[in-house]
Amino acid sequence: MGVRINPCFRCPLRQGCDLVADFRRRASLASAVSITFRCAKLGAEVRRGRRIVIRTPVRSHVAGSPDDPEYRIAWREVSATICSAQPDYRFSCVVDLGQIGEDGLAKGVDPDAVRYRKTQSHYRIVRFLDEPDAKFCDSGALLRDGKCDTKDRERMCKQLTEACGSEEWRAA
C-alpha cells in the first residue's frame, strides 16, 4: 500500500527532491498512510510575481473550423504570473496576453474574461520559469510594459491617483 505525502503529491518540484524519499522512509517506520508537512522549498517558489506554466482547457473543434458546433476540450500549456499565494501553496494567477487565443474559446467569450484565474492548488503548476519575478503597481495590478494589466486596464491606476490626490501619496 502506498503512502501519500503532502505537498509532494504531484508537486512541480518533485523531480530530484530528497524530501520525498526521506518522508516515505519515515512513513514506513511509523506505519502511516498519509503525511503532511510544510515544505520550505515549495513555499519559496510559490510566491507573488513568480512566473509559471500551467495547463488550461481550450475548445478544440473536431472538423478544424471555428464555426463547427462539435468540439472537444483539449489542454494547452500557457505561461502565467502568480498574483497571490497562500501559506498552503494555493495561488491565483494571470495568464499572459495572447496565450489563450479566440480559437480556443466559445463564440463571444472575451479572452480577458478567462485570463484571470481563481485560486488553485500548487499541483496545477507544470513548471516554474527561469524568468525574473513580475512587478506590480501601487494598486496591486500586474505591470506589463509600464501599464497595469487588469480587465479595466487604465481605470484602476487612474482612479487610485485621483482618489489619493497626488504622487506624494505613492512616495509615503
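Conventions used here
The written sequence of each chain sets the order in which its residues are numbered from 1. It should be noted that, the model being predicted, local features are given only for residues of pLDDT at least 70 and side-chain atom pairs only at 80 or more, the latter also being counted only at that level, while totals for whole chains, interfaces and linings use all residues. Hydrogens and waters are ignored; side-chain quantities use all the structure's heavy atoms. Cysteine sulfur atoms that come within 2.5 Å of each other are treated as a disulfide pair. Note on exposure labels: buried denotes an accessible area under 20% of the residue type's maximum, exposed denotes more than 50%, and partly exposed covers the range between, all computed with a 1.4 Å probe on protein chains only. Centres within 6.5 Å are what make two rings of Phe, Tyr or Trp a pair, Trp counting through its six-membered ring; a difference in plane orientation under 30 degrees is then read as stacked, over 60 as edge-to-face, and the rest as tilted. In this text, helices come from DSSP runs of H or I with a minimum length of four residues, and strands from runs of E with a minimum of two, each type numbered from the N-terminal end. Any Lys NZ or Arg CZ that is within 6 Å of a ring centre and within 35 degrees of that ring's normal is treated as a charge sitting over the ring. Only one rule defines a salt bridge in this text: a Lys or Arg side-chain nitrogen within 4 Å of an Asp or Glu carboxyl oxygen. Here, the term nonpolar core denotes a set of buried Ala, Val, Leu, Ile, Met, Phe, Trp, Tyr and Cys residues that are joined through side-chain atoms within 4.5 Å. Every residue pair with non-hydrogen atoms within 4.5 Å of one another is taken to be in contact. DSSP-based pairing: two strands are paired if at least 2 bridges between them are found. In protein, a polar contact requires one atom able to donate a hydrogen and another able to accept it; more generally it is a pair of N or O atoms within 3.5 Å, and residues adjacent in sequence count only if both atoms are side-chain atoms.

1. Remarks on the state of the cysteines
Then step 1. Inspection of the entire model under this criterion finds zero disulfides.
Then step 2. In this structure C11 is a free cysteine whose sulfur lies 6.2 Å from that of C39, the closest cysteine sulfur available.
Then step 3. In this structure C11 comes out as buried when scored by relative accessible area, which is 15%.
Then step 4. No disulfide involves C39; its sulfur sits 5.9 Å from that of C17, the nearest cysteine.

2. Concerning the packing of aromatic side chains
Then step 1. Taken as a whole, this structure holds one aromatic pair when the rule is applied.
Then step 2. Between F23 and F37, the aromatic rings sit 4.0 Å apart at their centres with planes inclined by 10°, giving stacked as the arrangement. Of this pair, F23 sits in helix α1 (residues 18–30) while F37 sits in the loop between β2 (34–36) and α2 (40–45); the two residues are 14 residues apart in sequence, bridging distant segments of the chain. Like F37, F23 is buried.
Then step 3. The positively charged end of R4 is found above the aromatic ring belonging to F9, 3.9 Å away from the centroid.
Then step 4. Lying across the ring of F23, R26 places its NZ or CZ 4.9 Å from the centre.

3. Notes on the pattern of salt bridges
Then step 1. The full count for this structure, using the stated rule, is eight salt bridges.
Then step 2. In this structure, R26 engages D22 in a salt bridge whose closest nitrogen and oxygen atoms are separated by 3.3 Å. Here R26 and its partner D22 are both found in helix α1, four residues apart, which amounts to about one turn of the helix.
Then step 3. Among the residues examined, R26 registers a relative accessible area of 43% and is labelled partly exposed.
Then step 4. The class of D22 is partly exposed, set by a relative accessible area of 23%.
Then step 5. Residue E131 is joined to R51 by a salt bridge in which the shortest nitrogen-to-oxygen separation is 2.8 Å. With E131 in the loop between β6 (125–128) and β7 (142–144) and R51 in strand β3 (residues 51–61), this residue pair connects regions lying 80 residues apart in the sequence.

4. Description of the nonpolar core
Then step 1. Formed by 24 residues in total, the largest nonpolar core has its most connected members in L42, V46, I52, I54, F91 and F128.
Then step 2. Looking at this core, the elements that each hand over two or more residues are α1, β3, β4 (71–85), β5 (91–95) and β6.
Then step 3. Excluding anything up to four places from it in sequence, F128 contacts P12, L13, L42, E45, V46, R50, R51 and I52.

5. Structural notes on the pairing of β4
As a general feature of sheets, a regular strand has side chains that alternate between the two faces.
Then step 1. Of the pairings in the sheet, the one linking β4 to β5 comprises five bridges and is antiparallel in character. Across the sheet, residue A80 finds its bridge partner in β5, namely V95.
Then step 2. In sequence, β4 turns back onto β5 through a hairpin of five residues, with Y89 there showing a positive phi of about 70°.

6. Overview of the environment of R4
Then step 1. As for its placement among the helices and strands, R4 is situated in strand β1 (residues 4–6).
Then step 2. With a relative accessible area of 41%, R4 lands in the partly exposed category.
Then step 3. Placed 23 residues apart in sequence, R4 and A27 show a C-alpha to C-alpha distance of 9.2 Å.
Then step 4. Beyond its immediate sequence surroundings of up to four residues, R4 is in contact with F9, V33, S34 and I35.
Then step 5. Here N6 takes part through its side chain, which lies 2.9 Å from a polar atom of the side chain of R4.

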